[in-house]
Amino acid sequence: MRVWLPLGAGLLILAALLVMAAVPDLLTPYDPLGFDYEALLAEPSPAHLFGTDQFGRDILSRTIAASRIDLQIAVFAMVGPLLIGSVIGLLVGWFGGWADALFGRLADIVVTFPFLVLVIAIVAVLGPGLINMYIAVACVGWVVYAKLMRGEVRVQRSADYVAAGQVLGFSTGRVLLRHVLPNAVRPVLVYAVTDMALAILLGSSLGYLGLGAQPPEAEWGVLIADGKNFFTTAPWISLAPGVAIVLAGLGFSLTGDGLQALLDVKR
Amino acid sequence: MSLVVRDLRVVFDTPKGPVWAVDGVDLEVAPGAVLGLVGESGSGKSVTLRAIARLLHANATVSGEVLWEDEDVLAMPPDRLRRLRGAEIGIVFQEPMAALNPVLTIGLQIDESLEAHTELDTKGRRARALELLDLVGIAAGGARLGQYPHEFSGGMRQRAMIAIALASSPKLLLADDPTTALDVTIQDQILRLLLRLKAELGMGLVLVTHDLGVVAQTCERVAVMYAGRVCEAGPVASVFASPRHAYTQALLRAMPGEGARAGAKLVPIPGQAPRLDRPAQGCAFQPRCTVSESACETRRPSMETDGDRRFACYAEARL
Amino acid sequence: MSIVLQANAVERRFPAPRGLADLLLRRPIRAVHALSGVSIAIEAGETLGVVGESGCGKSTLARCLVRLIAPDAGAVMFEGQDIATLRSSDRLRFNRAVQMVFQDPFASLNPRMTVGAALAEVLRVHNIVPDADIPARVLALLDQVQLPASAAGRYPHAFSGGQRQRIGIARALAMEPRVIIADEPVSALDVSVQAQIVNLFMELQERLGLAIVFITHDLRLVRHMAHRVAVMYLGRVVETGLTHDIFEAPRHPYTRALISAVPSLIPGQARADAVRGELPSPMAPPPGCPFHPRCPIVMPRCASDAPSLINGVSCWAAG
Ligand SMILES: Nc1ncnc2c1ncn2[C@@H]1O[C@H](COP(=O)(O)OP(=O)(O)OP(=O)(O)O)[C@@H](O)[C@H]1O
Ligand SMILES: Nc1ncnc2c1ncn2[C@@H]1O[C@H](COP(=O)(O)OP(=O)(O)OP(=O)(O)O)[C@@H](O)[C@H]1O
Ligand SMILES: [Mg+2]
Ligand SMILES: [Mg+2]
């Protein structure tokens, strides 16, 4: 069926990623940090499937070992915006009025800047590093979640079951949390899955630029950056992490799209 | 007979399996005659109308015969079909908002129909459009022509649909619940208009409705549908006075009647609407029927004819 | 009889959205006059039927009565107090006493709560019974609306329209109300289930002594179940009185038009002439009596002076 194929493929990729991140030691053929001066810049071969780098470290092992950080980035860079955006969206969607108008203006301003540019600007101010990157992403990324949530809440707010809750004398908090939220949250959660693909891309872009994860921490973007000096002589150094980024991105996107179709969420 | 429908069947192919929405419907409409089509929600009234005009979705398989002035509609080539719809058969859809184009003004939509089906020039079409709006009781037509569907109230949209359907002076009008959103006083105006067109132009009319009062006041004949089939058909007066199918009787009893029986209990129809994805072996109404016998459960009653009445019910004599 | 809930000259306007053009051209703020001074009183244990054409303000009135929206002028009085001024515990007492049943049984239930959870929530939030007794009370409520105990564990989507409406009624009953405002509770239901719900209302009234405000456009239903009737036209009550009197001897020309336009179930009965003319726009209600542009017995003063409701009718000609 049309829904299950992308969803299945996506979930399969994510499951593989999860296993890699959970038990990298069991999967890596070599010590990811072990130098091997016998095999500097070795081409891909049966011994080193994706070759080695200038210190003779096995690229495949390094890529697998890096998956933990990238998965962590995917989750953390999504959770912050999700929480902040949902709360703000819920409140402005429900109460409307000047707060809603203010939010509208603010959202308009934020979305006129390219996402990446804004994040880089904030990281530049705060200084490089993962934590600062999460803060920067949260500062910019909440807007999308808030807009999604606000739209859903406004639809739900005029539904009769909400009016029924008010006639039944329920407090606003109860109506919001027990009735509106569960009915409004679905598209937001589906979007969050897709958003993790973007988060991985973002994390590795910043890593590549030296603004995200810092070098001893192996992160796919950092790995690609490592290989950039040898790009003409040993292009395979960047290949495995590049493929990993593409696959992980694909995994989250497929899962997100599959969920969207399965749950019949309109965007 | 201008319209003859024989053994019409519509099966929808859905992800959950086939749905037998219309399952062997026979209908006849003479020129200038009014046929009422009533029945439970989901019994296939709209699907029947759409099948007659060949307006069903791609997942529908239609079989049987639809003869329009002895021409087989189901076998018509596309260009003949286009002339048939609109020019000869007008259609008023159940959801006027879905059937009107939201980005075109009402005036343009009437004009489109007039342009396609009449010889009038621009001025003549505008005059005719105003006249049509006036006919359906929308005054100040000049300003109204420039408005978009969302600027009309529900009832006005419904009447705009009727105006569009009438633009080409069709010989047959298929009207699907055309007066639900209307105040009874406006409903009355519309029904009078339809009856006048029938009398003056000899227009035939198939009127789907939930209001048995509307049927009593406008239709000569009525067909009662249940679970995709016509379970009873005949002249309105005799069907209402002495129903010969258990469902018809139950339906009539469920309505509050005339006069001073106020306060008395109504007689609801017990049980659940039938499932069209799992057709019953016997009579589809049997699980809800209060007068059923054992035969009803195992064998489907066939249509019997008695004079101008038709019915498919074993318990007919005991009603 | 004692009055439990009362609307005193309630007015409510909805400002129309202002486009840029309106701002640039400095057009005055336009508003829909949904209610223009409506007064009604609901007595304990009686059914008050509210009828009127679509858009005349019936739902707005219902929402004012349950405090979902606030009137712009006038007041809704509960136990001699303006409900807008009720605070905390008084307000909860009002909420418990005055409950609502909605038109759309599909939209008025939270799709993500089981029926049992929805009923239990009401009981718990208002401490209607001790926590230990909640499951038993849920079952009793379901039984009261003739649903099986197994319904408690299921979600609303697993029920038919009529069953969902029962759930909505059970939820209102959980509050042990004295008044139920029912806004077109059967309009979305098939004729075959309408009767069940109407019977249920009548039974509950008998058993629990409920006062019911029954809003509908089905005059036959009102005649069947209401003790008193209020007829609305364009945001005003134009006539009110005992059901029998209103139907046998209507005094307002709109009431007369409404009643004579109800299609009779007996075919071929001669009907009075239809009222002519379009419903006026609630944005620009006509000066004087709102019905005068369509009135068959209009007099010169009707166009300038609005009659007020005197002895249950608001018409210069009825004096
Ligand atoms: N495109 C479709 N695919 C699958 N099933 C369909 C489709 N269109 C209609 N049906 C089914 O066909 C049945 C008959 O529907 P139809 O709209 O004709 O009912 P109706 O008699 O017009 O009811 P109502 O009085 O509520 O308008 C319904 O059970 C409906 O769910
Ligand atoms: N929230 C709102 N915002 C703007 N206008 C509104 C709103 N609610 C109602 N109205 C307008 O107020 C008028 C009265 O509406 P209301 O819903 O009370 O009518 P009604 O008598 O219940 O009609 P119906 O029989 O169609 O339900 C209508 O013109 C409607 O367009
Ligand atoms: Mg239909
Ligand atoms: Mg209403």
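Residues numbered from 1 in each chain as written. Chains lettered and ligands numbered in written order. Predicted model: local features only at pLDDT ≥ 70, side-chain atom pairs only at ≥ 80, totals over all residues. Heavy atoms only, no water.

## Some details on the site of ligand 2
Residue and element names in this part refer to chain C.
Thinking step 1. Near ligand 2, the surroundings consist of 13 residues, among which S54, G55, K58, S59 and T60 are the closest.
Thinking step 2. G57 is positioned with one of its backbone polar atoms (N or O) 2.9 Å from an oxygen atom of ligand 2.
Thinking step 3. With respect to ligand 2, the side chain of S59 contributes an N or O atom lying 2.6 Å from an oxygen atom.
Thinking step 4. Its free accessible area being 630 Å², ligand 2 has 62% of it covered by the protein chains.
Thinking step 5. Those elements giving two or more residues to the shell around ligand 2 turn out to be strand 2 (31–43) and helix 2 (58–65).
Thinking step 6. With three residues, the single largest contributor to the shell around ligand 2 is helix 2.
Thinking step 7. Here the shell around ligand 2 is built from residues that sort into five nonpolar, five polar and three charged. (Near = heavy atom within 4 Å. Polar contact = N/O pair within 3.5 Å; in protein donor to acceptor, adjacent residues only side chain to side chain. Areas by Shrake-Rupley, 256 points an atom, 1.4 Å probe, with all protein chains shown as cover. Helix = DSSP H or I, 4+ residues; strand = E, 2+ residues; numbered from the N terminus. Nonpolar A, V, L, I, M, F, W, Y, C, P; charged D, E, K, R; others polar.)

## So, the state of the cysteines
Thinking step 1. Counting across every chain of the model gives zero disulfides over all chains.
Thinking step 2. Free of any disulfide, C64(C) has its nearest cysteine sulfur in C56(C), 13 Å distant. (Disulfide = S-S within 2.5 Å.)

## Points about the coordination of the magnesium ion (ligand 3)
Thinking step 1. At this site the magnesium ion (ligand 3) is bound by S46(B) (OG) and Q94(B) (OE1), with donor distances of 1.9 to 2.2 Å. Pair noted here: S46(B) is in helix 1 (residues 45–52) and Q94(B) is in the loop between strand 6 (89–92) and helix 3 (96–99), with a separation of 48 residues, a long-range link. (Donors = N, O, S within 2.8 Å, 3.2 Å for Na, K, Ca; no water.)

## Thoughts on the packing of helix 9 (residues 220–227) of chain A against helix 10 (residues 236–262) of chain A
Residues and elements named next belong to chain A.
Thinking step 1. Viewed as axis vectors pointing N to C, helix 9 and helix 10 meet at an angle of 150°, and their least axial separation amounts to 8 Å. The angle between helix 9 and helix 10 places the two elements in the roughly antiparallel class. For the pair helix 9 and helix 10, the crossing hand works out as left-handed. In this structure, helix 9 uses W220, G221, L223, I224 and G227 to contact helix 10, whose residues at the interface are I237, S238, P241, G242, A244, I245 and A248.
Thinking step 2. Looking at the contact of helix 9 with helix 10 residue by residue, the classes come out as eight nonpolar, four polar and no charged. (Axes fitted to C-alpha atoms, helices over the stretch in contact; angles between N-to-C directions. Parallel < 35°, antiparallel > 145°, perpendicular 65-115°, else oblique. Left-handed = near helix turned anticlockwise from the far one by under 90°. Contact = heavy atoms within 4.5 Å.)

## Focus: the arrangement of the chains
Thinking step 1. Of all two pairs of chains sharing an interface, the pair with the highest contact count is chains B and C.
Thinking step 2. For chain A and chain B, which are not in contact, the least C-alpha distance works out to 10 Å.

## Details of the site of ligand 1
Residue and element names in this part refer to chain B.
Thinking step 1. The environment of ligand 1 is formed by 16 residues, the closest being S41, G42, K45, S46 and Q94.
Thinking step 2. Take G42: an N or O atom from its main chain is 2.7 Å from an oxygen atom of ligand 1.
Thinking step 3. Take H210: an N or O atom from its side chain is 2.9 Å from an oxygen atom of ligand 1.
Thinking step 4. If ligand 1 stood free it would expose 640 Å²; the protein chains cover 70% of that surface.
Thinking step 5. Mapped onto the shell around ligand 1, the elements with two or more residues apiece are strand 1 (3–14) and helix 1.
Thinking step 6. By residue number, the principal contributor to the shell around ligand 1 is helix 1, which donates three residues.
Thinking step 7. When the residues that make up the shell around ligand 1 are grouped by side-chain class, the tally is four nonpolar, ten polar and two charged.

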